[in-house]
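Analysis of the macromolecular model
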Amino acid sequence: LDGLHVIDTIPDGTTYVPGSLKLDATALTDGADSDAGTGGAGGIDVTLGKITGGNTKTVVFAVKIN
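Criteria and thresholds
The residue numbering used here restarts from 1 in each chain and proceeds along that chain's sequence as written. This being a predicted model, a pLDDT of at least 70 is required before a residue's local features are given, and a value of 80 or more before pairs of side-chain atoms are given or counted; all residues contribute to the totals for chains, interfaces and linings. To get the side-chain values, take all heavy atoms of the structure and skip hydrogens and water. Strands are runs of DSSP state E lasting at least 2 residues, helices are runs of H or I lasting at least 4, and numbering of each runs from the N terminus. For every residue, the accessible area obtained with a 1.4 Å probe (protein chains only) is divided by the maximum for its type, and the residue is called buried under 20%, exposed over 50%, and partly exposed between those limits. To measure how exposed things are, a 1.4 Å probe is used in the Shrake-Rupley method; for residues, cover is taken only from the protein chains shown. The convention is simple: Lys and Arg are positive, Asp and Glu are negative, and His and the chain ends are not counted. In this description, the location of a charge corresponds to atom NZ of lysine, CZ of arginine, CG of aspartate or CD of glutamate. Within this scheme, the nonpolar core is defined by two criteria: the residues are buried Ala, Val, Leu, Ile, Met, Phe, Trp, Tyr or Cys, and they are joined through side-chain atoms within 4.5 Å. Two residues form a contact once any of their heavy atoms are found within 4.5 Å. By salt bridge we mean one thing: a side-chain nitrogen of Lys or Arg within 4 Å of a carboxyl oxygen of Asp or Glu. In this description, strands pair whenever DSSP reports at least two bridges between them. Every axis in this analysis is a line fitted to C-alpha atoms, fitted for helices over the stretch in contact. Angles between the N-to-C directions lie between 0 and 180 degrees.

The secondary structure content of the protein amounts to zero helices and eight strands. Structurally, the protein occupies a C-alpha span of about 40 × 25 × 20 Å along its principal axes. In the protein, buried positions account for 23% of the 66 residues. Summed over all atoms, the accessible surface of the protein reaches about 4,200 Å², with 57% contributed by carbon and sulfur. Where the 4 positive side-chain charges of the protein centre and where its 8 negative ones centre are 7 Å apart.

Right, dumping it as structure tokens:
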């Protein structure tokens, strides 16, 4: 599959931790730039790229409980 995204909102009562977004253990910047992801107060959006059958991708980010 190609063109898949992981999109997640930041839960109420929490705050996104800047700089915590990663795809397969590779750090992503929070801003809209040349890497695969964006993150901020509203949520995260990570482009997974092309994934062939039997492969996995891991997206992680941190939030702080307010």
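What follows concerns the nonpolar core. Soluble globular proteins tend to bury their nonpolar side chains together. Formed by Ile10, Tyr16, Leu21, Leu23, Leu28, Ile44, Val46, Leu48 and Ile51, the largest nonpolar core amounts to nine residues. If you tally residues by element for this core, the top one is strand S6 (residues 43-49), at three residues. Setting aside anything within four residues of it in sequence, one finds isoleucine 10 in contact with Thr15, Tyr16, Gly40, Ala41, Gly42, Gly43, Phe61 and Val63.

Right, let's get into the pattern of salt bridges. Per the counting criterion, the structure on display carries one salt bridge. Put simply, aspartate 24 and lysine 57 hold a salt bridge, and the shortest N to O gap is 3.7 Å. With a gap of 33 residues between them, aspartate 24 in the loop between strand S3 (22-23) and strand S4 (26-27) and lysine 57 in the loop between S6 and strand S7 (59-60) connect regions that are remote in the sequence. The exposure class of aspartate 24 is partly exposed, given its relative accessible area of 34%.

A separate point is the sheet that holds S6. What links the strands of a sheet is backbone hydrogen bonding, and the strands pair in either a parallel or an antiparallel sense. Overall, antiparallel pairing links the three strands, which are arranged S1-S6-S5 in an open sheet. Taken across any chain shown, the strands that pair with only one partner, and hence form the sheet edges, are strand S1 (4-9) and strand S5 (37-40). Between one strand axis and the next, the sheet turns through 10 degrees on average, direction left out of account. Here S5 runs beside S6; their pairing, made up of four bridges, is antiparallel.

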